[in-house]
Structure formats: structure tokens, C-alpha cells
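# A closer look at the structure
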Amino acid sequence: MLDRGLTHAEAMRRLAQEGANELPGSEPKSFLRIGVDVVVEPMFLMLLAAGFTYLALGDAAEATFLLVSVFAVIGLALAQERKTQRALEALRDLSAPRALVVRDGVETRVAGRDIVRGDLIVLREGDRVAADGVLLEGQLSADESLLTGESAAQDKVPGAEGLPMGSPGADGTACVFAGSVITRGVGWARVQATGVRTAVGRIGIALATTRIVRSELQRTSRRVVRLFAGIGLGLAALLALLAWQWQGRAPLESLLQGIAMAMAVLPEEIPVVLTVFLALGAWRLSQRRVLARRVETVEALGAITVLAVDKTGTLTQNRMQVARLWAGGVSFQPSESADLPDAFLELAEHALLATPAKPFDPMEKAITAFAQQYLRGTAGAQGDRELLQHYPLTRETLAVTQVFASGSSGPHLVATKGAPEAVADLCRFGTAERDALRSEVEALAADGLRVLAVARAEWAGPQCPESPREFAFRFLGLIAFADPPRADVPAAMAACRRAGIRVIMMTGDHPATARAIARQVGLADTQTVLTGAQIDAMSDAELQAGLAACDICARLAPEQKLRLVKALQAAGHTVGMTGDGVNDAPALKAADVGIAMGERGTDVAREAAAIVLLDDSFASITAAIRQGRHMDDNIRLAIRFIFAVHVPVIGLAMVPVLMHWPVMLLPAQIVLLELVIDPACSVLFEAEPPAANLMDRQPRTAGQSPFAPANMAYGMLQGAGVAAILLAGCWLMLAQSWAAPAVRTIAFITLVGGALLLASMHPRLAWRAHLRSNRWFPRLALAVASVMALLLGLPWLRDVLGFALPAWPQAAMGLAMLAAVGLWLVSLRVAAGRAAGEQRPVA
């Protein structure tokens, strides 16, 4: 006899004492925190220093220009963060889950967070269990796939109150777990654990202690920026000292000269360019229904070497369907024929009769769908029979039996389906019959199929017996079920192989099921399976060796998936991890790129992942990897360009001090170049078309980073030639006693023109072919020309930037310098191509 449940007062006391039934959530980053993160970047500290120095000098126009630049970029960062947060919130449930509890003897619906230990909860078909507990009364089946990865529902039978809670995934126990879904039956359970003390709560603790892995691009870019920041500050101090002591300039003017030098050395465009690249990459992914929660991981997609995939819901549809029928020693596969042979009609009809009219259990849904396709017009498909008795699944009899009125004076019709051994008991099989049945069931299970047996009987008594064991059943056959692979998975798997990406299945399901799915999708070269028990017995070194020869890992607990991801990372791999369940969350967070399912995935999985697939399609993963590789190629070009531009900027900032020339570059000019024109040219590379062999080559290694010495060295060599030409031109103009503003103007215009020429030099395409392939280049050139015309045409803006209108001889000098820059860049490109053994591209 069930009790009246807790009193309201006792429930409130326990809620206050033990806390709410919820997991610690991740708070969105505040706007203040985002702003602080932006401002502490070296680039912005330099801008702030320069801006306040101009204020101290009384130059409000220069100060305003610099400080507005700071706030503009902060606004961009805030807008991007808020956009990502809104997209994530759209995926969350519109309301918190609620639960039905018995308190003070009355059934009351309360918020899931208000459930407490000792509550008596009512569980019905379709309910999501709010807390861990023990089933006291009733018969249930629960889908625990979000906790275990196993797609078949688990049968639950009543047990004693206070029973120790086991682990999710066990069949025939009394334990129900938070996060699982009731697929069949009605029951009452006593809550034994809430919040972080539940099975899902323990996963939450592992998730909270798992550190998010920064991408290689993040780590390398920070090292490079810090290195050059240190160099820049050292040179800035030296240059300011020389300007003050050697050239005799005023202290504040010398400080500005030093700040200009620091800004010239510091590649401050890198965070700006990377932010824009990653934001645009995330936007492009969203067009393919892929949401990037952390945009910095978009580039890491292109570096993935191992893709660890969950089976249920990722490789498969997470939807049971009838895969095979077996009767009288022969079998039928629905995939091979649209018509059901007569030999299987009786089996299919009675399987349907033993199924509720409105099923919720995945296998019962599969039987109903099968009947709608194959039993139309037959007696078994008719729904006019009167149900006289329903015998639910019990601990003693793991089968469901239904009795229907005959509709005439004949005997009533009885149909049962359930575990093969249970149906064998009902049919009173002998030893030989049991052995034959077991052999067939094991053969089906070896193919990864779930098996139910079906039998029929007749009953002519005045009323139905108390137990289905009193019927004289006749065995009809077996129905086998499978969670079929997604249609797009085999092609996507083949694409991963061509791209040099190894795919490893990590599932909580049975090894036989994992092997079968691996065969169907073309995953494994070997059918070797590592199980959770084997993994626990291995050292880290043994685990790495085992993973090198195994593509399937089964019967995994959440902490084992996490350990596998860390083992792959320790072996030098960039790991992408896909999953949808709570059990996948710690591994999703620890992976270099965590990829969660958006449609079926849990909030916990989506919070832990960096990427969310809005259509749950495995093919979207390969599309995302392709986008990541494309972005990596283009970032490589942009970084090379940035370093090429910085060399002449450094030359124009340093050499005039050493040569006792007038100042050639003011801080405001550097800001204009490196926060407007330079990033605009860099973004041009984001629109570059992908290489034809993008998904037919091996993933890049750590040594092939966009910041690799070879990539930066080539850019610096390009820039060194440009710097030599600009400085030679400045020397010639100053030698003719031209005014400093005019020389400064020609040098700046030539530098901007050189930046455009640098942006037009593509390593794979000749100049004219490149211009045809990238439609943004003509628009960018027009925009830069318009900005320069504006800067020179507006007197107040010209004065702020220290420019002067050039005369015709000075303009001719600028054109000559620009022609020399173009000649140098083309010559270097041809020489580099010959050195690499490449043929010169044809325009």
C-alpha cells in the first residue's frame, strides 16, 4: 500500500536543506566581462595610451579618432557574443520540466527543480523522470539512451524501498533515473537522489571539472601577439629614448613616436582579422544548419584528425524499425520486398495484436509502422476488435499479453510478445526447442538486432485467468528490430576517409550492435571492439596502443568516453567528438571540437559542445570540416599578408628616427592602416574560393599552423622588399627638399597601394585569374580609393592625419614606387614557384 507522500512542509524543509533538483548551469558571459576581455588585448592598450597622450597634448581630434576605434571594436565583439547567445537560447526548452508528485495524499504537479528526496512521484507514458528513485508499484519501460547510448528501452519492475541505486542501462531492475523517458506503463517511484547526487548529476560534476580545450590557432596566435608585443615595447622604449635624447624632441612627442613604433611592431590586426574570419565562418556554417557556439573552434574543425562518434542518434536514426522476421526456419527482411509472404502474416498480425493501439515504446511503434505498410486490408490490421484483458510485463513474465473478443460465439483470441525466453516458458518449450530458439536468437543478436518472440492462443472460458501462464500458447516466430543507420552516413564516412580523418565509434550499446552498425556504414577496417571493462583494466599507454588498432568502443560509461578523448589528444590527435546524450557531455567539453545534436540532443550536451548540428545530420559534420579547412587555408593567406604589411610599417616608424628624418608615420595613420585598410584587405582572403583538393588531402599537422615560421617568413620577405622601396623613395623625396607632409602622404599612399598589390598575389592563381575568382577585390580597391580620396579631399581630416595634397611630381614619384613594389612582388612569386618546383600559373 502506497503512503500519502511527504507533507508540503517536509518537502519545503528538505528543499531548503538539500538544495534544488538541478545541475549547476553555465552563466552567459556578461557584457562587462566581454568588454574587459577586449580592452586587455595589447592592441587596445596601445590605442588607449596613444589616445590619452594626444589628449595630454591638447589634440582632441587625434584622441577622438583613436578612442572611437576602441569602442567600435568592443561593440563588434559584444554584438557577436549576444548573437551566439540568442541562437543557443532558441534551442532550449520553453519551460522547465514538471513532475507529478503525491504530497499530503494529493497528486500535485510541481517544477522538476522542486522535487526532493523522499517524494513519491507518479510516472506515466511519455514522462521524463525528474530524479533517481526506486519503482514501488506498477510496470514500466524506460528509454535511458540519453544516459547510456543504448537505443532499446529498459523494463522496470517494482522493488523494495531503499534499494541501492545501480547504473543506468540494466534491464529488469526497479531503479529509474533522472533524464530517462517512460515509454510504456504507469508506476509510482520513491525519490532517492536529486540534483548532483543523481546519475546525471555525477556526469554534471565530471562536466564541471572538465576544462575547455583552446584551439591551436588560439594558443599560437596569443603566443605570437605576446612575443611581438614584447619586442614592440622594447623597441618603443628605445625609440622614444632616442627621439627625446638624440633628436631633442619633447617628452610627449617622443612618447607618441614610441607608441607608433609599438603599434607598428605589434600585429594588432591578428585578433581583429581572426574575429572577423571566425564570425564569417560561423555565419557560413549556420547556412548549413550548423551552429558554432564558440566561434574560435570553427577553424579547429579543419584540423580534426580523429572523429569520435556516438552511435545512437548520430550514426543511426534513433528510431527502431522491423529489420527481420523469422518463422518456421525461414526469415524475411522488409528491405528486400514490399510484399509480406503469407508464411509471415500470422506472426505479423499477432505481434500487432499484442501491441497497444497508441504505443509509445520504440519497438511497439516499429511494429505499428510495419503493420501499416504490410498488413493493410488483412484481419490483423483491423482495429474493431474489443480488448478484454491486458496483462502487462512483470518481473516473473517478461512479456505483454492481450486478449480480444472473438466477435462471435468462437473462442477469444490471445496474443503475446516479449523476451524470447519468456515466450518459450509460456509455450512450455522442451530442452531441444529452447536450444534451437536460443541459437536463432543469438544469430540475430550477433547482427546487432533486438529480438522479441510472438505466440498466440485461444480462450473459451467465461472470464480471463489471473495469469497469462494459464493460456495454451503456440509459438509463431521472432521479430528482430534495428536502429537503422542514417542514409547520409556511408557517403559522409567515405568522405572522412578520403580526407585522412579516422572515425572511431564510442557507444554505450552492446558490442554486437556496434559491430553491425559499423559494417553497415563502412566505418571499421577491423571488427575489434574495446569494451568499457577492458578500458578500465588498461594503463594510459596500453589504451593508446589499443586505440591505434581499434575503431569501435562499446559498453562505455561517460567517464570512459572522457578518458578515450584525452588518450587520443595525448597521442597528438586533434579530436572531434559527436554526441547527443547527457553521457556524452564531459567528452564533448574536453574534445578539441565538441559537436552536439540540436534536434534530439539534451541541453547538457548542447551546453558542453562547441558546435551544434541543427539538423542532426552526420553529413553536416563533413561539410563543417570542409568549411574549417577552407578557413584554415584562407587564414594562412591573411596571416602572411599581415606580416608582409607590418615590415614596411616598422621600417617607416624606425628608420626616420635613426636617420634624423621627419616622422613618416603618425599613430593615427597606423590605426587607419591597421584597423581599417589592412583588415579590409585581410577579409578579402575570407572570400577566396576553396582549393579543388580540399577534402582529398591529409589534415594539417601542428607544424603547419598559419603561424608556422615558413609562412610568416615568406610574408616578411615580401614586406622587406616593399619597405626597401618605400624608404628609398622617402630618401629621394627628402633629398629634393620636399615638405614632410607631402613625403608622408606619398609614402602612405604607396604603402596602401602596396597592401592592395599584396592582397592580389595568390599562391595558386595567376593575377588575372585571381581577380576573376574573387569578386570582392574590385569592390575593395574602389572602397580603398574612395577612403583615400576622402582623407585627402577633406581639409580637416587631412590635417588630423598629417597629410598634404601631393603635386604632380610627387604623384609621379608615388606611381614609380608603386610600380617597383609590383615588380618586386611578381618576381618573388615567380622565384618561390620555381624553388618549389611548381609551374607558373596560367592567367
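See the structure printed just above.
What counts, and where the lines are drawn
Residues numbered from 1 in each chain as written. Predicted model: local features only at pLDDT ≥ 70, side-chain atom pairs only at ≥ 80, totals over all residues. Heavy atoms only, no water. Salt bridge = Lys/Arg side-chain N within 4 Å of Asp/Glu carboxyl O. Helix = DSSP H or I, 4+ residues; strand = E, 2+ residues; numbered from the N terminus. Buried < 20%, exposed > 50% of the residue type's maximum accessible area, 1.4 Å probe, protein only. Arc of directions from axis to C-beta. Contact = heavy atoms within 4.5 Å. Pairing = 2+ DSSP bridges. Axes fitted to C-alpha atoms, helices over the stretch in contact; angles between N-to-C directions. Patch = residues over 30% accessible without salt bridge, like charges linked within 9 Å, V, L, I, M, F, W, Y side chains within 5 Å. Areas by Shrake-Rupley, 256 points an atom, 1.4 Å probe, with all protein chains shown as cover. Core = buried A, V, L, I, M, F, W, Y, C linked by side-chain atoms within 4.5 Å. 1 Å grid on protein atoms, 1.4 Å probe; cavity = no way out; pocket = protein on both sides within 12 Å on 5 of 7 lines; lining within 4 Å. Points joined across faces, edges and corners; volume = space filled by probe spheres on them. Nonpolar A, V, L, I, M, F, W, Y, C, P; charged D, E, K, R; others polar. Parallel < 35°, antiparallel > 145°, perpendicular 65-115°, else oblique. Phe/Tyr/Trp six-rings, centres within 6.5 Å; stacked < 30°, edge-to-face > 60°. Lys NZ or Arg CZ within 6 Å of the ring centre and 35° of its normal.

Here we take up the pattern of salt bridges. Evaluated as defined, the whole model comprises 26 salt bridges. Put simply, R450 and D509 hold a salt bridge, and the shortest N to O gap is 2.6 Å. Taken as a pair, R450 in strand β15 (residues 450-459) and D509 in the loop between β17 (502-506) and α17 (511-521) lie far apart in primary sequence, 59 residues in all. Classification of R450 as buried rests on a relative accessible area of 18%. Linked through salt bridges whose partners overlap, the residues forming this network are E346, R456, E458 and R474.

Our focus in this paragraph is helix α19 (residues 540-548). Here α19 has its buried residues at L543, G546 and L547. Along the axis of α19, the buried positions cluster into a sector of 95°, meaning they face one direction only. Residues A541, A545 and A548 are exposed on α19 and point more than 90 degrees away from its buried face. Residues of α19 that are buried in the fold lie against β17, β18 (529-531), α18 (532-536), β19 (552-554) and α20 (558-570).

The strand order across the open sheet formed by eight strands is β8-β22-β21-β20-β9-β17-β19-β18, and the pairing between neighbours is mixed. With one partner strand each, in any of the chains shown, β8 (290-292) and β18 form the two edges of the open sheet. Sheet twist, expressed as the average angle between the axes of neighbouring strands with direction ignored, equals 20°. As paired strands, strand β21 (residues 593-597) and strand β22 (residues 611-613) are joined by three bridges and run parallel to one another.

Take a nonpolar patch on the surface next. On the surface, W246, L658 and M659 cluster together into a nonpolar patch covering about 310 Å² of accessible area. On the secondary structure map, L658 appears in helix α23 (residues 618-658).

This part is about the nonpolar core. Core analysis: the largest hydrophobic core is formed by 108 residues, its most contacted members being I270, L307, L315, L523, I611 and F618. Broken down by element, this core gets its largest block of residues, 18 residues, from α23. Apart from the residues within four sequence positions on either side, I611 is in contact with V290, L291, A292, T297, L301, V593, G594, I595 and A596. One finds C550, M577, A587 and A591 within the second-largest nonpolar core, a separate group that totals 27 residues.

This next bit is on the environment of C553. Tracing the backbone through its elements, the reader meets C553 in strand β19. Assessed through its relative accessible area of 0%, C553 is described here as buried. C-alpha of C553 to C-alpha of M505: the two residues are 48 residues apart in sequence and 5.9 Å apart in space. Discounting chain neighbours no more than four positions away, the residues touching C553 are I504, M505, M506, T507, L530, L547 and L564.

For the rest of this paragraph, the subject is empty space enclosed by the protein. What the rule picks out here adds up to three cavities of 30 Å³ or more. In this structure, the largest cavity occupies an estimated 70 Å³ of space. If you go around the largest cavity, you meet 12 residues; those closest to its centre are G448, A482, D483, T513 and I517. Taken together, the residues of the lining of the largest cavity break down into five nonpolar, four polar and three charged.

This next bit is on the sheet that holds strand β14 (residues 412-418). Remark on secondary structure: sheet strands pair via backbone hydrogen bonds, oriented parallel or antiparallel. Strand order in the open sheet formed by seven strands is β11-β10-β16-β15-β14-β13-β12, and the pairing between neighbours is antiparallel. The open sheet has two free edges, formed respectively by β11 (330-332) and β12 (387-391), since each of these has just one partner strand. Across the sheet, the axes of successive neighbouring strands diverge by a mean angle of 20°, strand direction being ignored. For β15 and strand β16 (residues 474-482), the ladder comprises seven bridges, and the chain directions are antiparallel. Following the sheet pairing, A453 is matched in β16 by L478. Of the strands in this sheet, β10 (321-327), β13 (399-404), β14, β15 and β16 touch helix α12 (residues 345-353), which is tilted by about 80° from β16. The strands that helix α15 (residues 431-446) touches are β10, β15 and β16; relative to β16, the one it contacts most, it runs at about 15°.

On to α12, then. Most of α12 is tucked away, with seven of its nine residues classed as buried. Where α12 is concerned, the buried positions are L347, A348, E349, H350, A351, L352 and L353. Of the surrounding secondary structure, the elements contacted by the buried residues of α12 are β10, α13 (362-374), β13, β14, β15 and β16.

As a further point, take the packing of helix α26 (residues 740-760) against helix α28 (residues 776-793). A pair of packed helices is captured by two measures, namely the crossing angle of their axes and the spacing between those axes. Running from N to C, α26 and α28 cross one another at 170°; their axes reach a closest spacing of 11 Å. Comparing the axis directions of α26 and α28 gives the class roughly antiparallel. From α26, T745, F748, I749, V752, L756, A759 and S760 reach across to α28, where they touch F777, L780, A781, V784, M788 and L792. Of the residues in the contact of α26 with α28, the class split is 11 nonpolar, two polar and no charged.

Per the counting criterion, the structure on display carries nine aromatic pairs. Between the aromatic rings of W459 and F471, the centroid separation amounts to 5.4 Å while the plane-to-plane angle is 90°, which identifies the pairing as edge-to-face. Placement of W459 in strand β15 and of F471 in the loop between β15 and β16 is noted, with a sequence separation of 12 residues between them. Through a chain of ring-to-ring contacts, three or more aromatic side chains come together here, namely F332, F344, F370 and Y374. Against the face of W776 rests R779, its NZ or CZ located 4.6 Å from the ring centre.

A few words now on the pairing of β21. Across the five residues that make up β21, a large majority, five, are buried. Across the two faces of β21 the burial is the same, with V593, I595 and M597 and G594 and A596 all buried. Sheet topology note: the strand β20 (residues 575-579)/β21 ladder contains four bridges and is parallel. What sits directly across from T578, in β21, is I595.

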